[in-house]
Structure formats: C-alpha cells, structure tokens
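Residue-level listing of the chains:
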Amino acid sequence: MSENASLFGDEPAPEAPKSSRLAASPGKAYQPLPERLRPRHLDEVIGQRQLLGEGMPLRVAFETGRLHSMILWGPPGVGKTTLARLLAQAFDAQFISISAVLGGVKEIREAVERAQVAAAQGRRTIVFVDEVHRFNKSQQDAFLPHVESGLFTFIGATTENPSFEVNSALLSRASVHVLKSLDEEDLLALVRRGEAALACPPFTEAAAKRLVAYADGDARRLLNAVETAAQLAPPGLASIDETQLERALGEQLRRYDKGGEQFYDVISALHKSVRGSDPDAALYWFCRMLDGGVDARYISRRLIRMASEDIGLADPRALRICLDAADTYERLGSPEGELTLAQAVVYLAIAPKSNAVYTAYKAARALVKQDASRPVPLHLRNAPTRLMKDLGYGHEYRYAHDFPGAFVAGEQYLPDGLEDQRFYEPVPRGLEIRIGDRLAELRRLNAEAGDAED
C-alpha cells in the first residue's frame, strides 16, 4: 500500500480563509486538506492492514467482487466513509449516504426508491449510514427487508460498540469490521504528504511527532492541524518547529499530550494516588487528565484495572463500581458522565487495599511459563468413554457437595510435585480478613487429613 495517502471520513468543508496563500483559485471550490488527500484507489489507502492486507476480509471482498453488508466500527478519522466510497467505486455501485444525525425515515424511504431504480437498470446500490448507532430501533429495522432481498448492500459506520448500539437483527445480517486508529508511522507519513500537497515549510521531527500525539490516531484531525499550521506560517520560514506549531494551534496543543511523556506521568500520578489512598490527589490528577483532552473511556479502563490490581478482594465492590461508572459514562457522555468516574476515583482511593490476587496471578503465570506441562491427576480427569474409565480417569474423585461444608479435606487438586504450592495469601485488610480466616481453616483441615493418612 502507498505511504502517501490517508484513510479518513467525511467532514463538511469549511469556508476558505480570506487571507491565505492556500485559498482556492477564483471559480474553484475550496477543499480542506483531508478531502484533497482522500484515497481515490485502494492501493492509496494507508493503515487498516488487519482488513486490507493480503487475504484479509475487505481485501478479499475487493478482489473477488463479493460485496457484503457490514458495520465499520472504529474511532473518528480512520476511514469508515472512505472505505465505503471505495467499495462503491470498485463495484460501480450507486452510493447513497445517510447521516443518522440529520436523517430519518424520509431519507431511508428515498434511498430505497433510488435503489429500486438502480436495480431496474441492473446496477448495484450501497447505502451508507454514518453514525448508525444514532438511529432508533424502528429506523434500523427499516433496512432489514431490503438487505434480505438484496436490493442494496448496507454499510453502517459507528464509533460505538455495535453489540450495544445496533439492533441484533441488523447486526446478524452484517459483518462487523473493526477499524483501528492510525499508528505513528502512518501519521508521520501523512504529515509529509500534507507538506507536499501544501508546498509549505517542512515540519521538524519534533513538531511532526507533536502533531501525531495531538491527532491521537485520527487522520482527519492531523491533516486539519497540518493545514492550519501551514496557513499561519510566516513567509520565508525555513521549517515549522514546535514553537510555531503552538502559535498556530494554541492552548489545545500545549495541553494535549496524549502520546507524550506528560500523559504517562499524569496517569501514573493518578494510579499512585489511588494506591496511596489519597482521594484529593486522585481527583486532582483525574481532572488534569480530562482537562488535557484525554478520552474519559481510557480513564475508565484504567480505573477498572486499579480496582483489580490494588483493591482486589479487600473490597470486591470496587470493581463493580468502576464497571457501573464506565457503563453510565457511555449512557450519559460528557460532561455529565464524568461525575460517575469521579465517584469511582474517590471510592478506589478510600477503599481497603490488597494486591494479593495480583501478586498470586503473576506468580502463577511465572510458574506456568517456566515449568513443564504437568499432567492432570487421574482423579480430576473427565471420563466420557468406557476406555477412559478403564484407564482410571476420574477414579476416586470425591464430589465436594457430598461432604460436610462442601469441602473434601486432603483432596489434591494441583499436579503431582506441586501439592504444597501457594500463590494466594490474603492481606489483613477489608474483606480479605474474613477470606484469610476461611483459607486458614481450610488449610488446617487439609493438614489434619494429611496427618491422618500418614
């Protein structure tokens, strides 16, 4: 694939700047840089190798002519609209675009009528629905009979998880293809492509990397920033450095450092404030991340991790609170949903702490990785056939529920040679105090059973 073009979605063209050396020529409509660099052929596409690489699903569809209905799921500016347009071009199909934000039943009806006319002329139709998750159930259902009859091929684009936002009936009739944010290499290639298209001073390596961090995988955002910086570069400038870039893009670029060292420093500070049981500091760093432009969904994922790593079974409610906060944010969005994440941050900070499960998990993983593949003890093996039973599979296995307290004292569940291995040791905090008491009692009963056998 070419490294000289990008894959990104549509964006309304803004008015041309009144005073810019990049303004459109008289009588020619102005096109923003992302539109000018939109791939016109599949080989110009950059990124999405998991879909367009050799033998991958969409590459196969292009090459074999087997067009299918699909949902393109991915973040903004990664090429959902472009892919749909390229499919229409490759199959010489009529392309009908509907915005679920602005459209409704009227637009769906008109699309059906246009598809019927095209079908009568022996031509295919692709109906592309941008932000399909914004259509309600009845609007999504309106596509079903026409997808089933083959009147048109349906392509929906969404930034939201289609499992939750797209009707199951429509989802069952369409393949879901996941698009990824463009990586640093792809975005750096786009910066250079933008320079060439605009004939502007080159960006220094540091400035280009700053643009990549600012774009956060969004090609459209990157190219818009490149164009803005080029427009505001003074005449005679040899190169555009970080200082000039900040002058052009202002406070947002200075504060937004998602891919840089400051971003990782701040998330580290949030995590360590939670671990250190300081709710005030945790809230401060949480707000710093939001103020810096960090996606709240990323923060919610990190909170879920903290609940498992640093609180664990000392307070199992912490994980549930984080999951509920993440779900609530998805329903409310910003800024209302951010309060639920703040609630989770405070709860994690004040909750009793335990890394016992985290430590046990790492120890078990390390042992399994370096140890031999020990056989499963015979009495624990499944015995679905007579031969397996004859070989001793499942022999003398004792069903725990047949014993007092649903516990078989002295039973061996680890492989031979690891009978006395210990991974999990509860800490004397929170619920793990009770868990520790229970575990101590079970281990005492096991030891007594072992002594009795000796």
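Use the structure listed above.
Residues numbered from 1 in each chain as written. Predicted model: local features only at pLDDT ≥ 70, side-chain atom pairs only at ≥ 80, totals over all residues. Heavy atoms only, no water.

Caption draft 1: Region of the structure containing helix 11 (residues 205-215). Among the eleven residues in helix 11, eight count as buried, and that is most of the element. All of the buried residues along helix 11 are Ala207, Ala208, Arg210, Leu211, Val212, Ala213, Tyr214 and Ala215. Following helix 11 by one or two positions, Asp216 has its phi on the positive side, about 55°. (Buried < 20%, exposed > 50% of the residue type's maximum accessible area, 1.4 Å probe, protein only. Helix = DSSP H or I, 4+ residues; strand = E, 2+ residues; numbered from the N terminus.)

Caption draft 2: Up close: a nonpolar patch on the surface. Taken together, the side chains of Tyr397, Tyr399 and Tyr413 make up a nonpolar region of the molecular surface, amounting to roughly 350 Å² of accessible area. Inspection of the secondary structure assignment puts Tyr399 in the loop between helix 21 (386-390) and helix 22 (432-453). (Patch = residues over 30% accessible without salt bridge, like charges linked within 9 Å, V, L, I, M, F, W, Y side chains within 5 Å. Areas by Shrake-Rupley, 256 points an atom, 1.4 Å probe, with all protein chains shown as cover. Salt bridge = Lys/Arg side-chain N within 4 Å of Asp/Glu carboxyl O.)

Caption draft 3: Summary view of unusual backbone geometry. The amide bond that connects Ser334 to the next residue, Pro335, takes the cis arrangement and shows omega of 5°. Phi is positive for Glu396, close to 65°, though the residue is something other than glycine. The residue Glu396 is located in the loop between helix 21 and helix 22 in this model. The phi dihedral of Ala406 is positive, around 50°, even though this residue is not glycine. Tracing the sequence through the fold places Ala406 in the loop between helix 21 and helix 22. Given a relative accessible area of 39%, Ala406 falls into the partly exposed group.

Caption draft 4: Molecular detail of the packing of aromatic side chains. For the structure shown, the criterion picks out five aromatic pairs. Ring geometry for Phe135 versus Phe143: centroids 6.2 Å apart, planes at 35°, classification tilted. By the burial criterion, Phe135 is buried, and Phe143 matches it. With 4.8 Å between their ring centres and 75° between their planes, Tyr284 and Trp285 make a pair best called edge-to-face. A relative accessible area of 44% means that Tyr284 is categorised as partly exposed. Owing to a relative accessible area of 23%, Trp285 belongs among the partly exposed residues under this scheme. One aromatic cluster is present, formed by Phe135, Phe143, Phe152 and Phe154 through successive ring pairs. Over the ring of Tyr214 we find Arg221, and its NZ or CZ is 4.3 Å from the ring centre. (Phe/Tyr/Trp six-rings, centres within 6.5 Å; stacked < 30°, edge-to-face > 60°. Lys NZ or Arg CZ within 6 Å of the ring centre and 35° of its normal.)

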